[in-house]
Amino acid sequence: MSKHIKWRWASLAITLLIFWFSGRNASQSTLQSDSFLFLLPFLQEDTARFLIRKLAHFTIYMVLGFCVYRSFKEPHSKWAFGLSLMLCFLYACSDEFHQFFIAGRSAQFTDVMIDTCGALIGQTLSYISIKKWG
């Protein structure tokens with residue numbers, strides 16, 4: 001199996017994981033976020049929970065951006081970077097739309113922007129790794 005096919009499977013796995021996280025209701029999502037509150041003991045609970053959630057958005061989409069960019073057969077083509085970013089942006093939009101239908105959750109365009117920024121950083125890291133190590 002070629003490398004770009006493996007990265008496509010990894011991209012699919014990440015999108016399924018994002019879909020699963022998005023399908024959790026508000027109380028389940030809060031419990032999950034609260035399990036990381038110990039990392040920010042110096043902040044108020046609501047502020048720490050907010051930062052943890054936004055960092056989770058950024059991080060998982062950074063991984064997605066890395067994988068999606070690597071999944072292109074020719075990642076250095078002039079369209080690969082933009083198309084990869086557009087795919088991640090559209091998935092972020094669909095993810096927020098999905099959350100709109102989950103009890104206690106809401107769709108927020110700011111999350112789409114955080115997700116897209118994470119994807120952009122992931123793609124950039126992917127580009128650098130391809131340039132450096134192939």
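Residues numbered from 1 in each chain as written. Predicted model: local features only at pLDDT ≥ 70, side-chain atom pairs only at ≥ 80, totals over all residues. Heavy atoms only, no water.

- Looking at an unreviewed UniProt entry, one finds the chain named VanZ family protein and attributed to Faecalicoccus pleomorphus.

A few points about the nonpolar core
Okay, step 1: The biggest cluster of nonpolar side chains holds 14 residues, and the ones touching the most others in it are Ile14, Ile18, Ile60, Tyr61, Leu64, Val68 and Cys88.
Okay, step 2: Elements supplying a minimum of two residues to this core: α1 (3-22), α3 (45-70), α4 (80-99) and α5 (109-133).
Okay, step 3: Considering each element in turn, this core owes the most residues, 5 residues, to α3.
Okay, step 4: Not counting the four nearest positions on each side in its chain, Cys88 is found in contact with Tyr61, Leu64, Gly65, Val68, Ala119 and Gln123. (Core = buried A, V, L, I, M, F, W, Y, C linked by side-chain atoms within 4.5 Å. Buried < 20%, exposed > 50% of the residue type's maximum accessible area, 1.4 Å probe, protein only. Helix = DSSP H or I, 4+ residues; strand = E, 2+ residues; numbered from the N terminus. Contact = heavy atoms within 4.5 Å.)

Digging into the packing of aromatic side chains
Okay, step 1: Applying the stated rule across the entire model yields 6 aromatic pairs.
Okay, step 2: With 5.2 Å between their ring centres and 55° between their planes, Trp20 and Phe21 make a pair best called tilted.
Okay, step 3: Looking at Phe21, the relative accessible area reads 29%, which means it is partly exposed.
Okay, step 4: Seen in terms of ring centroids, Tyr69 and Tyr127 are 6.5 Å apart; in terms of plane orientation they differ by 55°. Their pairing is tilted. With Tyr69 in helix α3 and Tyr127 in helix α5, this pair connects stretches of sequence that are 58 residues apart.
Okay, step 5: Assessed through its relative accessible area of 1%, Tyr69 is described here as buried.
Okay, step 6: Classification of Tyr127 by relative accessible area gives partly exposed; the value is 32%.
Okay, step 7: Through a chain of ring-to-ring contacts, three or more aromatic side chains come together here, namely Tyr69, Phe81 and Tyr127. (Phe/Tyr/Trp six-rings, centres within 6.5 Å; stacked < 30°, edge-to-face > 60°.)

As for α5
An α-helix turns once every 3.6 residues. As a result, residues three or four positions apart point the same way.
Okay, step 1: With 25 residues, α5 extends 36 Å between its outermost C-alpha atoms, agreeing within 8% with the 36 Å of an ideal straight helix rising 1.5 Å per residue.
Okay, step 2: Where α5 is buried, its residues touch α3 and α4.
Okay, step 3: Note on α5: the residue one or two positions beyond its end, Gly134, has a positive phi of about 90°. (Expected span 1.5 Å × (residues − 1).)

Digging into the packing of α1 against α4
Okay, step 1: In contact at an axis separation of 9 Å, α1 and α4 are set at 25° when each is read in the N-to-C sense. The angle between α1 and α4 falls in the class roughly parallel. Here α1 and α4 pass one another in a crossing that is right-handed. Residues Thr15, Ile18, Phe19 and Ser22 of α1 touch α4, and the partners they reach there are Tyr91, Asp95, His98 and Gln99.
Okay, step 2: A per-class count over the contact of α1 with α4 returns 3 nonpolar, 4 polar and 1 charged. (Axes fitted to C-alpha atoms, helices over the stretch in contact; angles between N-to-C directions. Parallel < 35°, antiparallel > 145°, perpendicular 65-115°, else oblique. Left-handed = near helix turned anticlockwise from the far one by under 90°. Nonpolar A, V, L, I, M, F, W, Y, C, P; charged D, E, K, R; others polar.)

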